[in-house]
Amino acid sequence: MILKPAASRQRSTLTGHKTGPWLLVIGLIWLLSRQWTSDDNTSELQRTLLSVPSSDHARNWSAYYTTTGSHLPGQGLQHAEWTEARWKEFGIDDVRIVGYDTDLPMPKDRPRLALVRDQHVLYEAPLVDGNATEEDGFVPAYYGFSADGNITAPYVFCNFGADEDYDELERLNVSLAGKIAIIKSTNASPYLHARGLEIFRGVQVANAERRGLAGVVLYVDPQNDGPVTESNGFTPFPAGMARPLTGIERGTLGNIEDLNDGWLPRIPCLPVSPADAIHLLKALNTHGPLATDMSDRWHGGALGLYGVDYNVGPSPPDTSIHLLNQGTLRKGSIHNVIATIPGTTAANEIVIAGNHRDAWGPGAGDPNSGSAALNEVVRSFGVALRNGWRPHRTIIFASWEGEEFGQIGSLHWIRENLEWLTGSAVAYLNVVVGASGPVFRAKGSPLLYKVVRSAADQVMSPNQTVPGQSVLDVWGGMIGTAGGGDAIRFQGLPCVSTVDFQFVPGLGDGVFPYHTGFDTFEWMDQVGDPEWKHHVTTAKLWSLMVANLAQSEVLDMSVTDYAAAIQGWVDEMGRNDEWSAGVDLSPLSNAVERLARAATRFDEYAEALTTSIAKPWWKIWWSSPRDAAVREANKVYMDFERKFFYKPGFDDNTSLHHVMYGPSAWHNEAPPMPGLRQNLASGNWTNAQRWRDIITQRIDDATHLLEDHQRLWAEL
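Quick notes on the rules
Residues numbered from 1 in each chain as written. Predicted model: local features only at pLDDT ≥ 70, side-chain atom pairs only at ≥ 80, totals over all residues. Heavy atoms only, no water. Phe/Tyr/Trp six-rings, centres within 6.5 Å; stacked < 30°, edge-to-face > 60°. Helix = DSSP H or I, 4+ residues; strand = E, 2+ residues; numbered from the N terminus. Buried < 20%, exposed > 50% of the residue type's maximum accessible area, 1.4 Å probe, protein only. Lys, Arg positive; Asp, Glu negative; His and termini not counted. Salt bridge = Lys/Arg side-chain N within 4 Å of Asp/Glu carboxyl O. Contact = heavy atoms within 4.5 Å. Expected span 1.5 Å × (residues − 1). Pairing = 2+ DSSP bridges. Axes fitted to C-alpha atoms, helices over the stretch in contact; angles between N-to-C directions.

(A) Spatial organisation of the packing of aromatic side chains. This structure, assessed with the given rule, holds 34 aromatic pairs. Grouping aromatic residues by their ring pairs yields a cluster made of W61, Y64, Y65, W82 and F90.

(B) Inspection of unusual backbone geometry at higher detail. Residue P238 follows F237 across a cis peptide bond; omega there is 20 degrees. Positive phi, normally seen in glycine, also occurs at L127, with a value near 60 degrees. As for its placement among the helices and strands, L127 is situated in the loop between β3 (120-124) and β4 (143-144). For L127, a relative accessible area of 0% translates into the label buried.

(C) Expanded view of the side chain of D486. Tracing the chain through its elements places D486 in the loop between β17 (479-480) and α15 (487-492). R489 provides the closest opposite charge to the buried, salt-bridge-free D486, at an N-O distance of 6.9 Å. Look past the residues within four positions of D486 in its chain and what remains in contact with it is H356, W400, E403, Q407, S410, Y428 and N430.

(D) The arrangement of helix α10 (residues 368-386) in detail. For α10, with 19 residues, the first-to-last C-alpha span of 27 Å sits near the 27 Å given by 1.5 Å per residue. Across the 19 residues of α10, 18 count as buried, placing the element largely inside the fold. Just past α10, the residue G388 takes up positive phi, approximately 100 degrees.

(E) Structural detail: the sheet that holds strand β6 (residues 155-157). Pairing is parallel in the open sheet, where four strands are placed in the order β6-β7-β8-β10. The open sheet has two edge strands with one neighbour each: β6 and β10 (269-271). Adjacent strand axes in the sheet meet at a mean angle of 20 degrees, parallel and antiparallel pairs treated alike. In the packing of helix α7 (residues 201-210) onto the sheet, the strands contacted are β7 (180-184), β8 (215-219) and β10, and the crossing angle to β8 comes to about 145 degrees.

(F) Main features of the pairing of strand β16 (residues 439-444). When β16 meets strand β18 (residues 498-504), the two strands line up antiparallel, connected through six bridges. By the bridge assignment for β18, A442 is matched with F501. Sheet topology places β16 next to β17; two bridges connect them, and they run parallel. Considered in β17, the bridge of A442 is made with I479.

(G) Looking closely at the sheet that holds strand β1 (residues 94-107). Taken in spatial order, the eight strands line up as β1-β12-β14-β13-β15-β18-β16-β17 in an open sheet, and their pairing is mixed. If you trace the sheet from one side to the other, it starts and ends with β1 and β17, each paired once. Each of β12 (327-341), β13 (346-356) and β14 (393-400) is contacted by α10, which is oriented at about 150 degrees to β14, the strand it contacts most. Contacting β13, β14, β15 (425-430), β16 and β18, helix α17 (residues 533-551) runs over the sheet at an angle of about 165 degrees to β18.

(H) Structural detail: the pattern of salt bridges. On inspection of all chains with the given rule, the structure shows 29 salt bridges. We note a salt bridge from R243 to D225, for which the minimum N-O separation is 2.8 Å. Of this pair, R243 sits in the loop between β8 and β9 (251-252) while D225 sits in the loop between β8 and β9; the two residues are 18 residues apart in sequence, bridging distant segments of the chain. R393 is the partner of E349 in a salt bridge, and the nearest nitrogen-oxygen pair spans 2.5 Å.

(I) Looking closely at the pairing of β12. Across 14 bridges, β1 lies against β12 in antiparallel orientation. Of the residues in β12, the one forming a bridge with V95 is A339. Of the strand pairs in this sheet, β12 and β14 are connected by five bridges, and their pairing is antiparallel. For T340, the partnering residue across the bridge sits in β14 and is I396.

Okay, here's the thing in structure tokens:
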């Protein structure tokens, strides 16, 4: 007789007639512990994500990213390789650099801006920030995708360059045709934001072109900084927290699609510093009306301390500006860093968190406060992985290159993975500026309101006025219209739900030298976030949002919030007198009401699925049909945002397809439903009716998606 080995005999026993009871016991133990283990893992993950981020690490990451000189798109390979290496060190196995060859708008020849009188140069702008030189690697000041031009012309001061400003100049018979406009930039200003005076630089230049001007010079007036000016006794950075007058705010006028579609302005423009603008504006003293004699929107210029009277001009006949701008589309390569943590039970659903590295200057605030925070997020999840945690859904971390030229890096990656993203992406969580001041702001899809507020409620505020206050307590919970940075592309192409959030200066806080050479590590260390606590808070918030979406069995989303937001936007149009007898908006209102009813029912159904996770032991075998119901409910939440996709895109931006949201920078908001609102504002009733119908149909589609799944509620 041949005896089997002991181990084989033992296995034989377990596979014999006693298998049933053993498997039943094992199955009972596994199923009964499933929820407990999930709860324990979630609690442990939260403790990790809230304890790992540190000020010292964030400060070190910022010190690297903000090395001397600019790192424009196309200059970021070294930073990409460094980021890849750090993320692998943090414990993420799947990290890779994904590169793309693309066209990059760069200066062809050195630009020139000179004040000329009788062919003699009175002043020539250096076009480099006062704390830098071109030898440091700084590209001379220019705007991305700006038109070429070599002109000499008289000039006129045009305030913010909005239609209202030009209307007032024309009423005063100020000659504009063929002249160069001096315009105040409005970006990233809490003071102008509060007054509703923000306007995108590309629109400012386009407005000037429509009014017959030949070129544009933009500068940042210290008016943007509210009370924090030299005239109020504040010292400029680096000695203080006021604006350094030799800083030049750069930026882009659009993107590659705008260029290809012919939407970009065709007149040349250049940015200059406030110190440069003083020379130009002083030469207008005594010429033309005074801004102080004009409407309130013209008041407040803060260069009076330097002898500027703010006459609007035109300049005297013998005084002009020579403006030279020569750009080119240069072939270059951009490099994204993509890290993947594979999911387990729902690996085909993906949560993405991203930030861009490229900057117009050193970029300590924009964007590398976000980059430093993202490193801390990745490091925190690396610790969790080493402790044995694995996510329910797949998580992707992305460090983009190319955002400052119209999100080129994320655009290429999204196009390459469009079908996959459309079918699998749960959300995209973006940060451009993680820290530049103490005020928390967020904007995003209403589907994600719960996720943002939940994270903000769990993280202690670095700005407590009462001990124990959370970020939510101090912030209040107001969330703006979705958009900002690379979130524009995720919401605009695959219609993925997005969030963008930041800590920014409030009124009276230190001035953020946005897009200038003074956005340095030293500025962050002294003014922007001296204790680096907002970097850490951003990392904690970001991590909890990722964890919520990656771990929750039923996605923590709300279509009810979405319906309420749309209703609020429609009501806001009524309050702002945007409704018109020429366009009946009742079909839109009726569609929103139907959506609200369906949304309430579906969220109740999803909530019932959530609460049924903790089942009595005698219902453990119910897991399979319930799991299928959970997957289907999550698919509805993911598909809901996609229902607002409109293939032709906007009339003036065919590359963006989400009917609810237009593009916006991280520091401002675009009004929702722009296709409708723009046509109502311009009085184009025919096109307004068309857009009313387009939006109404998308809302109806979203309603039908929810109603088609109501049968699941009856089967629960």
